[in-house]
Amino acid sequence: RNEEEGGVIDDPDDGVFVYSASIWMAEAVGDYETAVQLLREMGGGGGERRRSSPPPNGVCYDGVISSLSQNGLHREAFYFYYEMQHLGLQASRKTYQRLVFAIDNTRDAELSVSCQKKAALLEGVLSRMSENDRRVEIGGPLFESLIRIHGNSTAPGTSYQSAKMVFDSIIGPVNDACLSAMLRVCSSAVPVKW
């Protein structure tokens, strides 16, 4: 319901639910502009919050990040991730999956072929991750991707060291995907790191 029609959602939780569902519906049909517009109505993305709209939550931001990622807009996806972080909203596994996808699906031809640039973007995210996010249950997709990117690097000596630093930054037990990525890097290192 909108203010012009006199409809106001009284329960803020209902409002967040309606907005997040609308954002995810826009994401499902590939309409990133509507997803961003809805988030701005909630006060996110530099928008001015409408009186009747609730503040956005992490689910709303995940929907916008996902929508932008699907459309190859990695810069915009990262912008909303950093804004989400600035607001103190908790990232989810989905957040990190979509950031990795944003890089893999980018429209930027230069980024799409540069392991070094991909690594720099993801390392920027890694450097700002909370301790909780450094567990594979949440940050696993980012760790796995970053380890694989370093493993695909053309600089053999530094690729192992860089991948090992990422692997060592995981807090707690690792999962099979991150372990597999690291073992692949170890097997291609010269000399082999077994």
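Refer to the structure presented above.
Every value quoted in this text rests on a predicted model; they were computed, and no experiment measured them.

1. Topic: the overall build of the chain
Inference 1: When helices and strands are counted, the chain shows ten helices and zero strands.
Inference 2: Secondary structure elements in the chain, listed N-terminal to C-terminal, are α-α-α-α-α-α-α-α-α-α.
Inference 3: Buried residues in the chain amount to 45% of all 194 residues.
Inference 4: Nonlocal contacts in the chain, meaning residues at least 24 apart in sequence, comprise 60% of its contacts between residues at least 6 apart.
Inference 5: A total accessible area of about 10,100 Å² is found for the chain, and carbon and sulfur atoms account for 52% of it.

2. With respect to a nonpolar patch on the surface
Inference 1: Side chains of Val-174, Leu-179, Leu-183, Val-192 and Trp-194 sit close together on the surface and give an oily, nonpolar patch of about 490 Å² of accessible area.
Inference 2: Here Val-192 is to be found in the segment after helix H10 (176–188).

3. Concerning the packing of aromatic side chains
Inference 1: On inspection of all chains with the given rule, the structure shows four aromatic pairs.
Inference 2: Measuring from centroid to centroid gives 6.4 Å for Tyr-61 and Phe-80, while their planes differ by 55°, and the two rings are tilted. Taken together, the positions of Tyr-61 in helix H3 (residues 58–70) and Phe-80 in helix H4 (residues 74–86) put the pair 19 residues apart, joining distant regions of the chain. Assigned by exposure class, Tyr-61 and Phe-80 land together as buried.
Inference 3: The rings of Tyr-61, Tyr-79 and Phe-80 are connected pair by pair, giving a single aromatic cluster.

4. Here we look at the environment of Gly-15
Inference 1: Within the element layout of this structure, Gly-15 appears in helix H1 (residues 12–28).
Inference 2: In this structure the C-alpha to C-alpha distance between Gly-15 and Met-42, which are 27 residues apart in sequence, comes to 9.6 Å.

5. As for the side chain of Thr-95
Inference 1: With respect to the helices and strands, Thr-95 occurs in helix H5 (residues 93–104).
Inference 2: For Thr-95, a relative accessible area of 1% corresponds to the buried category.
Inference 3: Here the side chain of Thr-95 touches Asp-62 through a polar contact of 2.3 Å, side chain to side chain.
Inference 4: Residues within four places of Thr-95 in sequence aside, it is in contact with Asp-62, Ile-65, Tyr-81 and Met-84.

6. Quick look at unusual backbone geometry
Inference 1: In this structure, the amide linkage connecting Val-190 to the following residue, Pro-191, adopts the cis form with an omega of -5°.
Inference 2: With respect to the secondary-structure elements, Pro-191 resides in the segment after H10.

7. So, H3
Inference 1: The end-to-end C-alpha separation of H3 is 18 Å, in line with the 18 Å expected for 13 residues at 1.5 Å each.
Inference 2: Counting buried residues along H3, eleven of its 13 residues qualify, which places the element largely inside the surrounding structure.
Inference 3: Looking at H3, one finds that the buried residues are Gly-58, Cys-60, Tyr-61, Asp-62, Gly-63, Val-64, Ile-65, Ser-66, Ser-67, Leu-68 and Ser-69.
Inference 4: One or two residues past the end of H3 sits Gly-72, with phi positive at roughly 75°.

8. Topic: the environment of Gly-43
Inference 1: Summarising the element assignment, Gly-43 is placed in the loop between helix H2 (32–41) and H3.
Inference 2: In the structure, Gly-43 is positioned ten residues away from Ser-53 in sequence and 8.4 Å away in space, judged by C-alpha atoms.
Inference 3: If we skip the residues at most four places from it in the chain, Gly-43 touches Glu-48 and Arg-49.

9. Let's talk about the packing of H2 against H3
Inference 1: At a minimum axis separation of 9 Å, H2 and H3 run at an interaxial angle of 155°. Overall, the two elements H2 and H3 adopt an arrangement that is roughly antiparallel. Every pair of crossing elements has a handedness; the one defined by H2 and H3 is left-handed. Taken together, the residues of H3 that come into contact with H2 (itself represented by Tyr-32, Ala-35, Val-36 and Leu-39) are Cys-60, Tyr-61, Val-64, Ser-67 and Leu-68.
Inference 2: Across the contact of H2 with H3, the residue classes break down as eight nonpolar, one polar and no charged.

Cut-offs and rules
Residues numbered from 1 in each chain as written. Predicted model: local features only at pLDDT ≥ 70, side-chain atom pairs only at ≥ 80, totals over all residues. Heavy atoms only, no water. Helix = DSSP H or I, 4+ residues; strand = E, 2+ residues; numbered from the N terminus. Buried < 20%, exposed > 50% of the residue type's maximum accessible area, 1.4 Å probe, protein only. Contact = heavy atoms within 4.5 Å. Areas by Shrake-Rupley, 256 points an atom, 1.4 Å probe, with all protein chains shown as cover. Patch = residues over 30% accessible without salt bridge, like charges linked within 9 Å, V, L, I, M, F, W, Y side chains within 5 Å. Salt bridge = Lys/Arg side-chain N within 4 Å of Asp/Glu carboxyl O. Phe/Tyr/Trp six-rings, centres within 6.5 Å; stacked < 30°, edge-to-face > 60°. Polar contact = N/O pair within 3.5 Å; in protein donor to acceptor, adjacent residues only side chain to side chain. Expected span 1.5 Å × (residues − 1). Axes fitted to C-alpha atoms, helices over the stretch in contact; angles between N-to-C directions. Parallel < 35°, antiparallel > 145°, perpendicular 65-115°, else oblique. Left-handed = near helix turned anticlockwise from the far one by under 90°. Nonpolar A, V, L, I, M, F, W, Y, C, P; charged D, E, K, R; others polar.

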